Amino acid sequence: GALGQPNLFISYSQNSSTEIFAGAIEEYCSNSGLNPRDLFVWVDALSMKWQDLTDGATSSHNDSETHTQQRLITQKLIKECGHVLAVFSHWDRSKSEEGWLKRMWCIYEGFEAVRHQVLFSVGLAKPERERFVQALIEDPTHVVDLLCTTVDVRDAKGFNKQQKMMLLDHFMKMDPND
């Protein structure tokens, strides 16, 4: 494959299967009229490294410093890519334990996209997209209820309690007008 400047930041719950992950990207390309060979993606692999950095860490100062660096790098990447694709494994379970709307880093990545006016899309693999469309046809009110109720970031899951507390602290300190 070729290397290039990423033009799509992919945000996903690491509980997602490879099939769902790849299917959502394939569906995104198909629906956008893009050739997958022209797509350069950034997969939020840094969040995986974040877990390695915080497991067994002893200094809260270093953890805080690492966390700040991680957030700033993520924010920079989102802005540089100019588009975030949130991969939902199952549209109707987006708020379940494994769902995108229950994962702290996913919520943070989506928030940063909106905050910096970066294009934000939801990606579903084709079978899941078809299930979503069918549900919209059958009972649109139910779909809206499932997806549009308030997301409480305090209920989101992280790799560990310390990471979750640092992100919550960041959310609480943010200026809503910024």
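In the block above lies the structure referred to throughout.
Let me sum up the structure you'll find in this document. Quick caveat, the model's predicted, so the values are computed rather than measured.

### Side note on the pairing of strand β3 (residues 83–87)
For β3, a buried count of 5 out of 5 residues is recorded, marking the element as mostly surrounded by other parts of the structure. Because side chains alternate across β3, one face comprises the buried residues H83, L85 and V87, and the other comprises V84 and A86, equally buried. By the bridge criterion, 4 bridges tie strand β1 (residues 8–12) to β3 in an arrangement that is parallel. Looking at the pairing, F9 lines up with V84 of β3. In the sheet, β3 pairs with strand β4 (residues 119–123) via 5 bridges, with the strands oriented parallel. Within β4, the residue paired with H83 across the bridge is L119.

### Description of the nonpolar core
If you look at soluble globular proteins, the nonpolar side chains tend to sit buried side by side. In terms of nonpolar packing, the biggest core is built from 12 residues, these being L8, I10, Y12, I20, F21, A24, I25, Y28, C29, L39, L85 and V87. Sorting the residues of this core by element identifies β1, α1 (18–32) and β3 as the ones contributing at least two each. Here this core gets 6 residues from one element, more than from any other, and that element is α1. Discounting chain neighbours no more than four positions away, the residues touching F21 are I10, Y12, V43 and V87.

### Digging into the sheet that holds β1
Spatial ordering of the open sheet is given by β2-β1-β3-β4, a layout of 4 strands whose pairing is parallel. Taken across any chain shown, the strands that pair with only one partner, and hence form the sheet edges, are β2 (41–43) and β4. Each strand axis lies, on average, 25 degrees off the axis of its neighbour in the sheet, ignoring direction. Those strands touched by α1 are β1, β2, β3 and β4, and its axis lies near 135 degrees from that of β3. Strands β1, β3 and β4 of the sheet are contacted by helix α4 (residues 104–115), whose axis makes an angle of about 145 degrees with β1.

### Some remarks on the packing of helix α5 (residues 126–138) against helix α6 (residues 140–148)
For the pair α5 and α6, the least separation of the axes is 5 Å and the interaxial angle reads 120 degrees. Classed by the angle they form, the pair α5 and α6 counts as oblique. For the pair formed by α5 and α6, the contact residues are F132, A135, L136, I137 and E138 on the first element and P140, V143 and L147 on the second. Its residues assigned to classes, the contact of α5 with α6 comprises 7 nonpolar, no polar and 1 charged.

What counts and what doesn't
The written sequence of each chain sets the order in which its residues are numbered from 1. Only residues with pLDDT of at least 70 get local features here, since the model is predicted, and only at 80 or more are side-chain atom pairs given and counted; chain-wide, interface and lining totals rely on the full set of residues. Calculation of side-chain values draws on the structure's entire complement of heavy atoms; hydrogens and water are dropped beforehand. A 1.4 Å probe rolled over the protein chains alone gives each residue an accessible area, and that area as a share of the maximum for its type sets the label: buried under 20%, exposed over 50%, partly exposed in between. Secondary structure elements are defined from DSSP: runs of H or I of at least 4 residues count as helices, runs of E of at least 2 residues count as strands, and each element is numbered from the N terminus. Strand pairing is assigned whenever DSSP detects at least two bridges linking the two strands. Joining through side-chain atoms within 4.5 Å is the link that ties buried Ala, Val, Leu, Ile, Met, Phe, Trp, Tyr and Cys residues into a set, and such a set is a nonpolar core. Here, two residues are considered to be in contact whenever any of their heavy atoms come within 4.5 Å of each other. Axes here mean lines fitted to C-alpha atoms, for a helix over just the part in contact, with angles spanning 0 to 180 degrees between N-to-C directions. The labels follow the angle: roughly parallel below 35 degrees, roughly antiparallel above 145, roughly perpendicular from 65 to 115, and oblique for the rest. Note on residue categories: nonpolar means Ala, Val, Leu, Ile, Met, Phe, Trp, Tyr, Cys or Pro, charged means Asp, Glu, Lys or Arg, and polar means any other residue, Gly included.

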